[in-house]
Amino acid sequence: MKLSTRGRYGVKAVLELATHYGREHVSIKAIAAKQRVSEYYLEQLFAQLRRAGIIRSMRGAYGGYALSRPPSDITVYDVIEVLEGTIEISDCIADTTCSNSDCCATRLLWVRIKDSIDDVLKSTTFQDMVDDYNNMKTNKDGVKGD
């Protein structure tokens, strides 16, 4: 069970925008260089994220991309759902044609795992991730955080 590069790179790119929220727009070139991802690939991801209303673009000399709303209002689930679709860990969760679904103990396990993953993705905002990133930087620099 592994997210595709779409989901992983998309979350990293949106996190990069979240770290700049309220300041300047960020170019795809800058994000691509920092995340070591192709600009073309990021353009594809950003087109989907822009259509979904998660990010916005601005043209011109000071143009680039920015979040369309505060990082505290965007969850990781929002981004994953746009780029990956619904995460399914087993076909039997969504498959209602299974004749064994009402007495299958493994199906209950898969449902609990999926629900746990969804809970984490839905409860984690990009502000949470920015805060974690800032704490990591502070601790790495030898200064203890709160």
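Here the structure is shown first, and the text comes after it.
Bear in mind the structure is a predicted one, so any value in this text is a computation, not a measurement.

Student: Tell me about the packing of aromatic side chains, and please be specific about residues and values.
Tutor: Applying the stated criterion across every chain, the model contains 2 aromatic pairs. Ring geometry for Y9 versus Y41: centroids 5.9 Å apart, planes at 90°, classification edge-to-face. Linking Y9 in helix α1 (residues 5–19) with Y41 in helix α3 (residues 39–51), this pair joins segments that are 32 residues apart in sequence. When its relative accessible area of 24% is taken as the criterion, Y9 is described as partly exposed. Among the residues examined, Y41 registers a relative accessible area of 19% and is labelled buried. On the basis of an interplanar angle of 65° and a centroid distance of 4.7 Å, the ring pair of F46 and Y65 is categorised as edge-to-face.

Student: An account of the side chain of T75 is needed here, citing residue identities and associated values.
Tutor: Within the fold, T75 resides in the loop between β2 (64–67) and α4 (76–84). In this structure T75 comes out as buried when scored by relative accessible area, which is 12%.

Student: Hey, could you go over the pairing of β2 for me, with residue numbers and the actual values?
Tutor: Residues of β2 alternate between two faces, with G64 and A66 on one and Y65 and L67 on the opposite face, all of them buried. Where strand β1 (residues 55–58) folds back on β2, the antiparallel hairpin that results is connected by 5 residues, among which G60 adopts a positive phi of roughly 110°.

Student: Now, about α4: what can you tell me, with residues and values included?
Tutor: Each turn of an α-helix holds 3.6 residues, which means side chains three or four residues apart point in the same direction. Looking at α4, one finds that the buried residues are V76, Y77, V79, I80 and L83. Along the axis of α4, the buried residues cluster in a sector spanning 160°; they form a single face. Those residues of α4 hidden inside the fold are in contact with α1, α3, α6 (105–123) and α7 (126–140). A positive phi of about 85° marks G85, the residue just after α4.

Student: Explain the nonpolar core to me, using residue names and the numbers behind them.
Tutor: Among the nonpolar cores identified, the biggest contains 30 residues, and L17, L42, F46, L49, I55, V79 and F126 are the most heavily contacted of them. Mapped onto this core, the elements with two or more residues apiece are α1, α2 (28–35), α3, β2, α4 and α7. Considering each element in turn, this core owes the most residues, 6 residues, to α1.

Rules used throughout
- Residues numbered from 1 in each chain as written.
- Predicted model: local features only at pLDDT ≥ 70, side-chain atom pairs only at ≥ 80, totals over all residues.
- Heavy atoms only, no water.
- Phe/Tyr/Trp six-rings, centres within 6.5 Å; stacked < 30°, edge-to-face > 60°.
- Helix = DSSP H or I, 4+ residues; strand = E, 2+ residues; numbered from the N terminus.
- Buried < 20%, exposed > 50% of the residue type's maximum accessible area, 1.4 Å probe, protein only.
- Pairing = 2+ DSSP bridges.
- Arc of directions from axis to C-beta.
- Contact = heavy atoms within 4.5 Å.
- Core = buried A, V, L, I, M, F, W, Y, C linked by side-chain atoms within 4.5 Å.

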